Amino acid sequence: MDFSGEIREEESFLKNILVKFRKKDFSGTTGQAMKNSSYQLAQNLIFKFGSLLFTIVIARMLLPERMGLYNLALATIILFVSFSDLGISSALITYCSKLLGRGDLSKAKGYVKKLFKWKLILILCASIILLISAYFIAEFYYQKPIFYALLVGAIYLPVISLIGFLEQIFKTNENFKTPMQKEILFQIIRFIFVPLGIFLFLEANFSNQGIVSGVLLTLVFSYLVALIFLALNAKKKIKFLQESPKKLEKKEVKDLKKFIYPLSATAMAGMFFGYIDPLMLGHFVSSQYIAYYGAAFSLVGGVIAIIGFMSLSLMPIFARKSGKELESIFRKTRELTILISLIAGIFTYIISYFVVKLAYGTEYLLAVPILRWFSLLVIILPILGIYVSYYVAQKKTKELAWLILGSAILNIVFNFFGINYGLSVGGEMGAVFGAVGATLLSRGLYLMGLVSFRKKKLIKS
């Protein structure tokens, strides 16, 4: 097959992007995508580099045992945070983007009001469930001293959930700049107060449980400042929020629920899909092995966020396009992402030892082989993100729900057998590699399913 025509087309597409950047021309669909992607990339870079640096600093201060407890508590809390969304953010960006594109500001405000009400109910329910189950999770399932940390999570949860909702409103309005500014503010405050808090906790000889709880409380303070910043800017910069909301008709509410229900299943499956590894490892291995796993995942997560920025920034554009124009934008984005992901994955594998030793120190060198295997995720996940954005923006949520539900179930099964088998043949480190294998296999199958479903859709059409 002759690919010369496609190669020339891609070369022309990339040259056009470079020319627009040089001339600072952000007009048209391509220009808007470039502008959105630039701010999203900047936010991702700030978030990931800031988070990576933050993780490295506190990992060195806490050392593997306490860092493992911190990672386990945070992963558990974030699992409950996911319960407070259940597809609401995706619905917000999908419906409101289209309405704002048509200039129907009142109706867009109506959708925001309805979704915000549902969001508050979910936040309240998730916080109460976390409070009720904290003792059982800490003392009976994990058998680790994180009970007080999970109680702090009931405060952490509503703050971070509201930040996520406000950020989506800004991005629905194609304002990616303010969330980026919020990220800068948050990273600065977190980097000042959390290490300072750890130093004081260590000097005061707090218990491991007290130190982890104190770290999370300081994080809540940092997030609260970021939330206030977003709320104040929302009043000034998002004009459609000043409109009188147009009440949704029964058919519109029904359609919204129809859109969200599959995403709710997707979100619940996604929770276990994303966090089942540390949650299951927490039951089988000592806290320091969770720290090794978390150290490797943090490093690879930084790389993935940097090269996967296009998936979120292009969602509003995917939502407004259809037919050949949509397929052209999707194909070009996918091919560019594949190329960058392959290069990044190979590079991550090569420099794994040096990165872990330089970043975390010799105490964390057991994370090196974990990071090498996770370099495959650097290739898989950014591509997967492009497909997920495409499915959500085109309201193919039912197919997405079935795929992620199936993948999540497989992930749990793979983890159970992988961790137990690894534990029997290689001890606690073997259990960690069992979880790594489960993660890679389940993500790979999920991506194959997304590709297969999309091909069937194109053949039918």
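Up top is the structure these notes are about.
This section reports on the structure supplied with the text. (Residues numbered from 1 in each chain as written. Predicted model: local features only at pLDDT ≥ 70, side-chain atom pairs only at ≥ 80, totals over all residues. Heavy atoms only, no water.)

**A word on the packing of aromatic side chains**
Right, on to step 1. According to the stated counting rule, one finds 21 aromatic pairs in the structure shown.
Right, on to step 2. Taking 5.5 Å as the distance between ring centres and 85 degrees as the angle between the ring planes, the aromatic pair formed by Tyr135 and Phe147 counts as edge-to-face. With Tyr135 in helix H4 (residues 105–142) and Phe147 in helix H5 (residues 147–172), this residue pair connects regions lying 12 residues apart in the sequence.
Right, on to step 3. According to the relative accessible area criterion, Phe147 is buried, its value standing at 18%.
Right, on to step 4. An angle of 85 degrees between the planes, with centres 5.4 Å apart, marks the rings of Phe416 and Phe417 as edge-to-face.
Right, on to step 5. For Phe417, a relative accessible area of 55% puts it in the exposed group.
Right, on to step 6. Following the ring pairs from residue to residue traces out a cluster consisting of Tyr135, Phe136, Phe140, Phe147 and Tyr148.
Right, on to step 7. Sitting over the ring of Phe54, Arg190 keeps its end group 4.2 Å from the ring centre.
Right, on to step 8. The ring of Tyr349 carries Arg372 above its face, with NZ or CZ at 6.0 Å from the centroid. (Phe/Tyr/Trp six-rings, centres within 6.5 Å; stacked < 30°, edge-to-face > 60°. Helix = DSSP H or I, 4+ residues; strand = E, 2+ residues; numbered from the N terminus. Buried < 20%, exposed > 50% of the residue type's maximum accessible area, 1.4 Å probe, protein only. Lys NZ or Arg CZ within 6 Å of the ring centre and 35° of its normal.)

**Comments concerning empty space enclosed by the protein**
Right, on to step 1. As enumerated under the stated definition, the model contains 2 cavities of 30 Å³ or more in all.
Right, on to step 2. Taken as a whole, the second largest cavity encloses approximately 30 Å³ of empty space.
Right, on to step 3. Lining the second largest cavity are Thr55, Ala59, Met67, Asn71, Ala291, Gly294, Ala295, Ser298, Tyr360 and Tyr364.
Right, on to step 4. Elements that contribute at least two residues to the lining of the second largest cavity include exactly helix H2 (28–83) and helix H9 (287–307).
Right, on to step 5. Its residues assigned to classes, the lining of the second largest cavity comprises 6 nonpolar, 4 polar and no charged. (1 Å grid on protein atoms, 1.4 Å probe; cavity = no way out; pocket = protein on both sides within 12 Å on 5 of 7 lines; lining within 4 Å. Points joined across faces, edges and corners; volume = space filled by probe spheres on them. Nonpolar A, V, L, I, M, F, W, Y, C, P; charged D, E, K, R; others polar.)

**Some details on helix H3 (residues 88–102)**
Right, on to step 1. Between the first and last C-alpha of H3 there are 21 Å, a value that for 15 residues agrees with the 21 Å anticipated at 1.5 Å per step.
Right, on to step 2. Counting buried residues along H3, 12 of its 15 residues qualify, which places the element largely inside the surrounding structure.
Right, on to step 3. Downstream of H3 by a residue or two, Gly103 has a phi angle that is positive, lying close to 85 degrees. (Expected span 1.5 Å × (residues − 1).)

**Some words on the pattern of salt bridges**
Pairs can form between side chains of opposite charge whenever their charged atoms are close.
Right, on to step 1. A complete count under the given rule lists 4 salt bridges for this structure.
Right, on to step 2. Between Glu183 and Lys182 there is a salt bridge, and its shortest N-O distance comes to 2.9 Å. For the pair Glu183 and Lys182, one class covers both residues: buried.
Right, on to step 3. If you follow the salt bridges from partner to partner, you end up with Glu167, Lys171, Lys182 and Glu183 in one network. (Salt bridge = Lys/Arg side-chain N within 4 Å of Asp/Glu carboxyl O.)

**Comments concerning the side chain of Glu252**
Right, on to step 1. Secondary-structure assignment places Glu252 in helix H8 (residues 250–284).
Right, on to step 2. A polar contact is formed between the side chain of Glu252 and the backbone nitrogen of Glu249, at a distance of 2.8 Å.
Right, on to step 3. Among all residues touching Glu252, those that are not within four sequence positions of it are Lys107, Tyr111 and Lys247. (Polar contact = N/O pair within 3.5 Å; in protein donor to acceptor, adjacent residues only side chain to side chain. Contact = heavy atoms within 4.5 Å.)

**Describing helix H6 (residues 177–203)**
Right, on to step 1. Its 27 residues place the ends of H6 40 Å apart at the C-alpha level, agreeing with the 39 Å of an ideal helix rising 1.5 Å per residue.
Right, on to step 2. Backbone geometry just after H6 places Asn205 at a positive phi near 55 degrees.

Shape descriptors only; they carry no functional weight alone.
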